[in-house]
Amino acid sequence: MSVSNVAMKAYSKALDAHKEAEKKALGSASYNPDAESGFTKTMNASLKKVNDLQLEKNSMVEAFASGENQNVHELMIQIQKAGLAINMTSAVRNKIMTAYQEIMRMSF
């Protein structure tokens, strides 16, 4: 399972919506659309790494299935790396969603 283009487009669309909301909240004088937050940069870099691991796993599985590569050991290591990366990404997403839901439940 790799992070598909649809998921990346949805993520980008959500970031754009966040930037628009931030622009409205801060006012146009202090808003710099080119400056990404540290969180945004970190998330983008992490998702790219996870996607790269999934794509590499897929190419290794295809190479093994076609007989180009017979190294089962490396294949299994790559499958485990990609699976762990997806599980960790899912755990981080769940924590972020839980934090967001708690913030939304707060009364101001």
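The following refers to the structure shown. Everything numeric here is computed off the predicted structure, so don't read it as measured data.

Observations concerning the overall build of the chain
- When its secondary structure is counted, the chain shows 3 helices and 0 strands.
- Seen in sequence order, the chain has helices and strands lined up from the N terminus as α-α-α.
- When each of the 108 residues of the chain is scored for burial, the buried share is 16%.
- Taking the intrachain contacts of the chain between residues at least 6 apart in sequence as the baseline, contacts between residues at least 24 apart amount to 62%.
- As displayed, the chain offers around 8400 Å² of accessible surface, 60% of which is attributable to carbon and sulfur atoms.

Quick word on helix α2 (residues 38-66)
- Across its 29 residues, α2 extends 42 Å between first and last C-alpha, which sits within 8% of the 42 Å expected from 1.5 Å per residue.
- A positive phi of about 90° marks Gly67, the residue just after α2.

Comments concerning the side chain of Gln54
- If you trace the backbone, Gln54 turns up in helix α2.
- Of note is the side chain of Gln54, whose polar atom sits 2.9 Å from the backbone oxygen of Ala82.

As for the pattern of salt bridges
- Under the counting rule described, the total for this entry stands at 1 salt bridge.
- Two residues, Asp52 and Lys48, come together in a salt bridge whose shortest N-O distance is 3.3 Å. You can see Asp52 and its partner Lys48 sitting in helix α2, 4 residues apart, about one turn around the helix.

Some details on a nonpolar patch on the surface
- On the surface, Met97, Tyr100, Ile103, Met104, Met106 and Phe108 cluster together into a nonpolar patch covering about 740 Å² of accessible area.
- Note on placement: Met97 falls in helix α3 (residues 72-105).

Looking at α3
- Along its 34 residues, α3 runs 49 Å from first to last C-alpha, staying within 8% of the 50 Å computed at 1.5 Å per residue.
- Three or more residues of α3 are buried, namely Leu75, Gln78, Ala82, Ala85 and Ile86.
- Against the buried residues of α3 lie α2.
- The backbone nitrogen of His73 lies 3.4 Å from a side-chain oxygen of the residue at the head of α3, namely Asn71.

Definitions and limits used
- Residues numbered from 1 in each chain as written.
- Predicted model: local features only at pLDDT ≥ 70, side-chain atom pairs only at ≥ 80, totals over all residues.
- Heavy atoms only, no water.
- Helix = DSSP H or I, 4+ residues; strand = E, 2+ residues; numbered from the N terminus.
- Buried < 20%, exposed > 50% of the residue type's maximum accessible area, 1.4 Å probe, protein only.
- Contact = heavy atoms within 4.5 Å.
- Areas by Shrake-Rupley, 256 points an atom, 1.4 Å probe, with all protein chains shown as cover.
- Expected span 1.5 Å × (residues − 1).
- Polar contact = N/O pair within 3.5 Å; in protein donor to acceptor, adjacent residues only side chain to side chain.
- Salt bridge = Lys/Arg side-chain N within 4 Å of Asp/Glu carboxyl O.
- Patch = residues over 30% accessible without salt bridge, like charges linked within 9 Å, V, L, I, M, F, W, Y side chains within 5 Å.

Read these as geometric descriptors, not functional statements.
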